[in-house]
Amino acid sequence: MTTIDFMFDSQKLTLDLKQGLLVGDRAAKNNLMSIIDSAQSSAVYYGSDYTPVPAITIDDAYRNIEQFATCLMFELSADEFPAALSPYVAKWPDDLVPLTDDEQMAAELLDDLMIY
């Protein structure tokens, strides 16, 4: 898999992972590139209660489909996010053991004490 085709703003775009290029309609491409460039400057995305994804380092989103899709998932509304990219969003491993009720309560209490 070296290219991924998807629709954005009613335009077909192609992400060439081998070359690290986004190809397609200039306006749609520029819109996505500004989102990705901003995300790469953030360096890392962390999952949260409402978007449960593992922390992912964003260092080469144009060559890593998981980074590319995760950036867009965080930055676009659900109706704007290209459905074709959904399978590539960073995911927790299948064998992840869920927290016990006590662990969950402790995590929530700790989160309440955090100053952001």
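Residues numbered from 1 in each chain as written. Predicted model: local features only at pLDDT ≥ 70, side-chain atom pairs only at ≥ 80, totals over all residues. Heavy atoms only, no water.

Student: What should I look at first to understand the pairing of strand β3 (residues 21–24) in this one?
Tutor: As a general feature of sheets, a regular strand has side chains that alternate between the two faces. Two elements, strand β2 (residues 11–16) and β3, share four bridges in a ladder whose sense is antiparallel. Bridge assignment links Leu13 to a residue of β3, and that residue is Gly24. Counting the residues in the hairpin turn of β2 and β3 gives four residues, including Gly20, whose phi is positive at 70°. (Pairing = 2+ DSSP bridges. Helix = DSSP H or I, 4+ residues; strand = E, 2+ residues; numbered from the N terminus.)

Student: I keep staring at the nonpolar core and nothing clicks. Help me out?
Tutor: In this structure, Phe6, Leu15, Leu22, Leu32, Phe68, Leu72 and Leu85 are the most contacted members of the largest nonpolar core, which totals 27 residues. Those elements giving two or more residues to this core turn out to be β1 (3–8), β2, α1 (26–42) and α2 (65–75). Among residues more than four places away in sequence, those in contact with Leu22 are Phe6, Leu13, Thr14, Leu15, Lys29, Leu32, Met33, Tyr62 and Phe68. (Core = buried A, V, L, I, M, F, W, Y, C linked by side-chain atoms within 4.5 Å. Buried < 20%, exposed > 50% of the residue type's maximum accessible area, 1.4 Å probe, protein only. Contact = heavy atoms within 4.5 Å.)

Student: Could you clarify how one ought to interpret the pairing of β2 in this entry?
Tutor: As paired elements, β1 and β2 share six bridges and run antiparallel to each other. Bridging across to β2, Met7 finds its partner in Lys12. What sits between β1 and β2 in their antiparallel hairpin is a turn of two residues, with Asp9 showing a positive phi close to 50°.

Student: What should I look at first to understand a negative patch on the surface in this one?
Tutor: Judged by side-chain charge, Asp9, Asp25, Asp79 and Glu80 come together as a negatively charged surface patch. Within the element layout of this structure, Asp9 appears in the loop between β1 and β2. Accessibility expressed as a relative area gives 47% for Asp9, which makes it partly exposed. (Patch = residues over 30% accessible without salt bridge, like charges linked within 9 Å, V, L, I, M, F, W, Y side chains within 5 Å. Areas by Shrake-Rupley, 256 points an atom, 1.4 Å probe, with all protein chains shown as cover. Salt bridge = Lys/Arg side-chain N within 4 Å of Asp/Glu carboxyl O. Lys, Arg positive; Asp, Glu negative; His and termini not counted. Charge placed at Lys NZ, Arg CZ, Asp CG, Glu CD.)

Student: Teacher, can you tell me more about the pattern of salt bridges here?
Tutor: A side chain with one charge may pair with a side chain of the opposite charge, provided their charged atoms come close. Taken as a whole and assessed by the stated rule, the structure comprises one salt bridge. Note that Asp60 and Arg63 form a salt bridge whose closest N and O atoms lie 3.7 Å from each other.

Student: Honestly, the environment of Val53 in this entry has me stumped. Any pointers?
Tutor: Within the secondary structure, Val53 is located in the loop between β4 (44–45) and β5 (56–57). Overall, the relative accessible area of 5% leaves Val53 in the buried class. Residues Val53 and Ala90, spaced 37 residues apart in sequence, show a C-alpha to C-alpha distance of 5.9 Å.

Student: Got a minute to help me understand unusual backbone geometry in this structure?
Tutor: Although it is not a glycine, Asp9 adopts a positive phi angle of roughly 50°. Here Ser10, not a glycine, exhibits a phi torsion of approximately 60°, which is positive. Tracing the chain through its elements places Ser10 in the loop between β1 and β2.

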